[in-house]
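Structural characterization, general
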Amino acid sequence: MKYEEFYRRSIEQPEAFWAEQAQRIHWHTPPQQILDVSRLPFRRWFVGGTTNLCYNAIDRHLEARGGQLALVAISTETGITRELSYRELYREVNTFAAVLASLGVGTGDRVVIYLPNIAEAVFAMLACARIGAIHSVVFGGFAAHNLALRIEDAEPKLVIAADAGMRGGKVIPYKPLVDAALEESTFKPPHVLIVDRGLDPQMTRVAGRDLDYASLRGSYEGAEVPVTWLESNEPSYLLYTSGTTGRPKGIQRDVGGHAVAMAMSITCIFDIAPGQVMFATSDVGWAVGHSYNVYAPLIGGATSLLYEGTPINPDPGIWWQLCERYGVHSMFSSPTAIRMLKKQDASWLKKYDLSRLKWLFVAGEPLDEPTAQWITEGLGVPVIDNYWQTETGWPALTLMPGLDLKPVKFGSPGLPSPGYRLKVIDEVTGEELPPHQKGVLVFEPPLPPGCLTTVWRDDERYVSSYFSHFNELLYSSLDWAIRDENGYTTILGRTDDVINVAGHRLGTREIEESVSTHPACAEAAVVGVHDDLKGQVPVVFATLKQGVAEQPGVVAMGMQQRVVQQLGGLARPAHVYVVNALPKTRSGKLLRRSLQALVQHTDPGDLSTLDDPNALEEVRRALERGP
Ligand code: ATP
Ligand code: MG
């Protein structure tokens, strides 16, 4: 079926459309009602149907593909690769589920998972899903305080943690952070289950509280744990947003809608058929990791690659080497990772046989044109940008090569996905804008299956964060966008970050894109800074490519000129600062508000998800030196 027809049906006959899509998964009891919108902006999909995510991800495939690889967990940090067939994954997940049950974890209980990108993270998530426990994965790189906040919010029966992770050859102990988090947290779970990788010989244990997974696994190996069937709208998991615009929000996902969205998107968007190989380079701690390392590829009967390490270790060809070795069909990465590779020699992209690689998907941040071009030419496969949020759980804007491939337009993540009733509206009047006018990206009700059901234990924050901007039914993405007459939509930045110069609104993205066309530019961040005359003016922070010989002052002037040439004098950056690093969240998103606060000497707000505090220090010094 063609995209247009598919999309139109999802909008004109949502219930019939999603009833059909629901047949992609196994239901223990079929839904009695496809959609309940009696309590908007809350909605319920597949009401009364019971199912289980773990059953759909594993059990259902055992007969037809029990011997096929389900999960390949590669660590270039430890040098260990684990290959598990569906049958082996079934065994590990059942064992893990038995261990959880033995610790008193049951349906509706929360389990905080604080693990690196290793197979046990997948076992733990699916084991929770099997018994109806609600997992809350906390990205392994987060500090004790972040972990403490999430433990307090989730009140888990159990925390699962590793002794340590590794990055760039360095061991990063996790356990001391767990201890510190539990010290800080007012809520104290009875047990911490430790996956001891043997990386940190100094690890200490708290008697009675801390348990060793390996020894419990020994006691329960081979156990089979029956699936707990859940009503479609029960919570399946919690996951926090990246915290780019403020305090992270605890996104709650359902069961049935999530399963259906995964099954549909892995086929129709990511073009993965059962038996094919998907390689998402994300960490399981992010939304992409949840959806496209774990749930979607497994629900789709595919092989999922999980990767612990950096894209340039042991060398910048490692990802392509893996693509060759496992015959990867669809790859999914981020602009940040591709920009990291772009700093390396392009010949690494040509070293391996990529004849089986069909698509490279990227998401998470705007994909700038120079990077898109570089990777498209280097790999010789289409690069498909897709736009989504932790909230949506799967792409809202994308192309659907699993149906038919539409032309890729650099700079745009494409067209609305099925079920997304997308509009670009005027920020003040709420009126829908014609093509080529900038406004706020919103979705009309109902949000499709798979999107958040609420903010964990905070219905009020759900409503006030997303539904109280124009009217109480419209979901605001809080992103600023523009559409063309064919529906291709471009994200221009966060609504919080829009720069208002003398009454004209400029998206940070437009200026960043323009700066990044400068040949010396590696990456740019633009913020609006208060100006007495114009209200606000843009200020640019840029990192340069390696080996740039020009003086930073000359480069800065060149960047300024480009912006004026391309966007006009209104967009002229008041200052361009050349810096060594830009402040980002752990998930790789530019923390513009921290830059803005530094320039304006204002409060930056919640910085708990900041990746590298040194980057901010660097910026502070650059500001002191002056542009
Ligand atoms: P918070 O909501 O806590 O401020 P966050 O919005 O960064 O954090 P995520 O859910 O990880 O948390 O990120 C979603 C956001 O990332 C989107 O709203 C959008 O701003 C940006 N984004 C994602 N994909 C793309 C893309 N393909 N192009 C441009 N921007 C994107
Ligand atoms: Mg957000």
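As the structure is a computational prediction, the values presented were derived from the model and not from experiment. Along each chain, residue indices are assigned from 1 in the same order as the chain's sequence is written. Both sets of labels track the order of writing: A upward for chains, 1 upward for ligands. Note on the predicted model: pLDDT of at least 70 is required for a residue's local features to be given, and 80 or more for side-chain atom pairs to be given and counted; whole-chain, interface and lining totals, by contrast, use all residues. To get the side-chain values, all heavy atoms of the structure are used, and hydrogens and water are removed first.

1. Remarks on the site of ligand 1
Surrounding ligand 1, one finds 20 residues, the nearest of these being T241, T244, T245, T390 and D479. Here K249 contributes a side-chain N or O atom positioned 3.3 Å from an oxygen atom of ligand 1. Under this definition, polar contacts are N or O atom pairs within 3.5 Å; protein pairs additionally need one hydrogen-donor-capable and one acceptor-capable atom, and for neighbouring residues in sequence, both atoms have to be side-chain atoms. In this structure, K589 approaches ligand 1 through a side-chain N or O atom, which is 3.0 Å from an oxygen atom. Calculation of accessible area relied on Shrake-Rupley with a 1.4 Å probe; when residues are assessed, cover is drawn exclusively from the protein chains displayed. When the free accessible area of ligand 1 is taken as 640 Å², the share hidden by the protein chains comes to 95%. Mapped by element, the contributors of at least two residues to the shell around ligand 1 are β20 (383-386) and β27 (489-494). Residues are counted as near a molecule or strand when any one of their heavy atoms sits within 4 Å of it. Secondary structure elements follow DSSP: runs of H or I of four or more residues count as helices, runs of E of two or more count as strands, with numbering from the N terminus.

2. So, the pairing of strand β15 (residues 250-253)
Both faces of β15 are covered, namely the face carrying G250 and Q252 and the face carrying I251 and R253. By the bridge criterion, four bridges tie strand β14 (residues 237-240) to β15 in an arrangement that is antiparallel. Within the sheet, the bridge partner assigned to L239 lies in β15 and is I251. Looking at chain direction, β15 and strand β25 (residues 454-455) are connected through two bridges and run antiparallel. The residue of β25 that forms the bridge with Q252 is T454. A 1.4 Å probe rolled over the protein chains alone gives each residue an accessible area, and that area as a share of the maximum for its type sets the label: buried under 20%, exposed over 50%, partly exposed in between. A pair of strands is considered paired only if DSSP assigns at least 2 bridges between the two.

3. Considering the packing of aromatic side chains
Ring pairs are drawn from Phe, Tyr and Trp, using the six-membered ring of Trp, whenever the two centres fall within 6.5 Å, and their geometry is named by plane angle: stacked under 30 degrees, edge-to-face over 60, tilted for the rest. This model, assessed by the stated rule, comprises 33 aromatic pairs. When the ring of Y114 is compared with that of Y174, the centres are 5.1 Å apart and the planes differ by 40°; the resulting orientation is tilted. Taken together, the positions of Y114 in strand β6 (residues 110-114) and Y174 in the loop between β10 (170-173) and α8 (175-184) put the pair 60 residues apart, joining distant regions of the chain. The residues Y114 and Y174 share a single accessibility class, namely buried.

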